[in-house]
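Observations on the three-dimensional arrangement
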Amino acid sequence: MKDKATSFDIAYMAGVSQSTVSRALRNSPQVNKATREKVQAIARQLNYKVDKNASNLRQQRSSTLALLLFEDPTTDESLINPFFLSMLGSITRACAKRGQDLLVSFQQLSDDWHADYEDSNKADGIILLGYGDYKDYEEKLAKLLAQETHFVCWGAEVLGHPEFTLRSNNREGGRLAGEHLLATGHKKFAFIGNASEGSPEFSARYRGFIDALNMAGIQEAQVPHFDAISTESAGDSATEQLLAAGHQVDAIFCASDLIAIGVMRCLKRRKLRVPEDIAVMGFDDIPVASFATPALSTIQQDTTQAGELLVNNLLQLINNQPITVSQIEPKLIIRQSCGARE
């Protein structure tokens, strides 16, 4: 051992990386308590003193945040889910308020989007935004955790670190949709949207919907369910399958507004009236929902609040501060697509 201990000496003795040592000595919440205590004990044992000049150099900030946006593949890759466009706008405004620049990168799920923005000093942290099969990117989130990257994401919970995720209360949103459709006299329901482990947000919306129907004595087995990713064409196709299977329904709850708009397009083509023959409810409240014909009833996710919280939560992580808000509450928006039954 040299006369003057270094962080690399501590890393060797603790069996961790040098970056973990640095974070542990700063009491970063990204390092678990046991590791922090172990590193700090070794530092005391070696009478380690932080080199302030080197520490300041390492902690230089770029005042830039990276937003990585990824979605399910579509036939037209130039199109972006309007919900994420709203989120992008609110995140950009929130960054400006906090004196941060924003680096935006559009990603495919197959890309190496966990590439290290932070250590290359491109950005101080990462915001992950998008839909897709959660199982496809769960491993990449684990790599970000292993790299001790500062990051937050919208939607699916990060395994072991729920505080890194901001989400809407999706189950409550699904319950609100079910209760409204029941209150307007509908009795035969269908759900369109993925509800598997790979789509945890859509799955939670489905579970909340079923919760409401169960309270009214309607069992899950009585509710036909057809998978669809969040596109109009997927909603259209799933509705064709629903009708072709002969299901008699008077209300359809959709996992997203884009799906719902595709559903209404199919119903119109099939000469079925909305809401007179079949009511339709969406989820998101994208701008086009109010301009659809008929205007789409939906569950609103507050994108302004979401963008501000994503930026705020990430900056709290970067500054080694605890995150206090990780969920926002949805709101029922009633328009013409869910008329009352006589």
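Residues numbered from 1 in each chain as written. Predicted model: local features only at pLDDT ≥ 70, side-chain atom pairs only at ≥ 80, totals over all residues. Heavy atoms only, no water.

The name recorded for the chain in an unreviewed UniProt entry is LacI family DNA-binding transcriptional regulator, from Rheinheimera muenzenbergensis.

In this structure the tally under the stated criterion is 7 aromatic pairs. Centroid distance phenylalanine 83 to tryptophan 154: 6.2 Å. Interplanar angle 45°. Geometry classified as tilted. Taken together, the positions of phenylalanine 83 in helix H5 (residues 82-97) and tryptophan 154 in strand S4 (residues 151-154) put the pair 71 residues apart, joining distant regions of the chain. With respect to burial, phenylalanine 83 and tryptophan 154 carry one shared label: buried. Consider the rings of phenylalanine 151 and phenylalanine 164, whose centres lie 5.4 Å apart with planes at 70°: the pair is edge-to-face. Of this pair, phenylalanine 151 sits in strand S4 while phenylalanine 164 sits in the loop between S4 and strand S5 (165-168); the two residues are 13 residues apart in sequence, bridging distant segments of the chain. Assigned by exposure class, phenylalanine 151 and phenylalanine 164 land together as buried. Within the aromatic cluster, the residues linked to one another by ring pairs are Phe189, Phe191, Tyr206, Phe209 and Phe253. Above the face of the phenylalanine 283 ring, arginine 205 is positioned so that its terminal group lies 3.9 Å from the ring centre. (Phe/Tyr/Trp six-rings, centres within 6.5 Å; stacked < 30°, edge-to-face > 60°. Helix = DSSP H or I, 4+ residues; strand = E, 2+ residues; numbered from the N terminus. Buried < 20%, exposed > 50% of the residue type's maximum accessible area, 1.4 Å probe, protein only. Lys NZ or Arg CZ within 6 Å of the ring centre and 35° of its normal.)

With 14 residues, helix H7 (residues 170-183) extends 20 Å between its outermost C-alpha atoms, agreeing within 8% with the 20 Å of an ideal straight helix rising 1.5 Å per residue. Listing the buried residues of H7 in full gives Asn170, Gly173, Gly174, Leu176, Ala177, Gly178, His180 and Leu181. Glycine 185, located one to two residues past H7, shows a positive phi value of around 90°. (Expected span 1.5 Å × (residues − 1).)

To continue, consider the environment of arginine 207. Along the chain, arginine 207 falls in helix H8 (residues 200-215). On the basis of relative accessibility, which here comes to 26%, the residue arginine 207 falls in the partly exposed class. Here the alpha-carbon distance between arginine 207 and glutamate 220, two residues 13 residues apart in the chain, equals 9.4 Å. Look past the residues within four positions of arginine 207 in its chain and what remains in contact with it is Arg171 and Glu220. A polar contact is formed between the side chain of arginine 207 and the side chain of glutamate 220, at a distance of 3.2 Å. (Contact = heavy atoms within 4.5 Å. Polar contact = N/O pair within 3.5 Å; in protein donor to acceptor, adjacent residues only side chain to side chain.)

Attention now goes to the environment of glycine 185. Looking at the element boundaries, glycine 185 is found in the loop between H7 and strand S6 (189-192). Take glycine 185: its relative accessible area is 26%, and that puts it in the partly exposed class. Distance in space between the C-alpha atoms of glycine 185 and glycine 339 is 9.0 Å, their sequence separation being 154 residues.

Neither face of S4 is exposed, since Phe151 and Cys153 on one face and Val152 and Trp154 on the opposite face are all buried. The pairing of strand S3 (residues 125-130) with S4 spans 3 bridges and is classified as parallel. Bridge assignment links leucine 128 to a residue of S4, and that residue is cysteine 153. Alignment of S4 against S5, held across 2 bridges, turns out to be parallel. Bridging from a neighbouring strand, tryptophan 154 pairs with leucine 166 of S5. (Pairing = 2+ DSSP bridges.)

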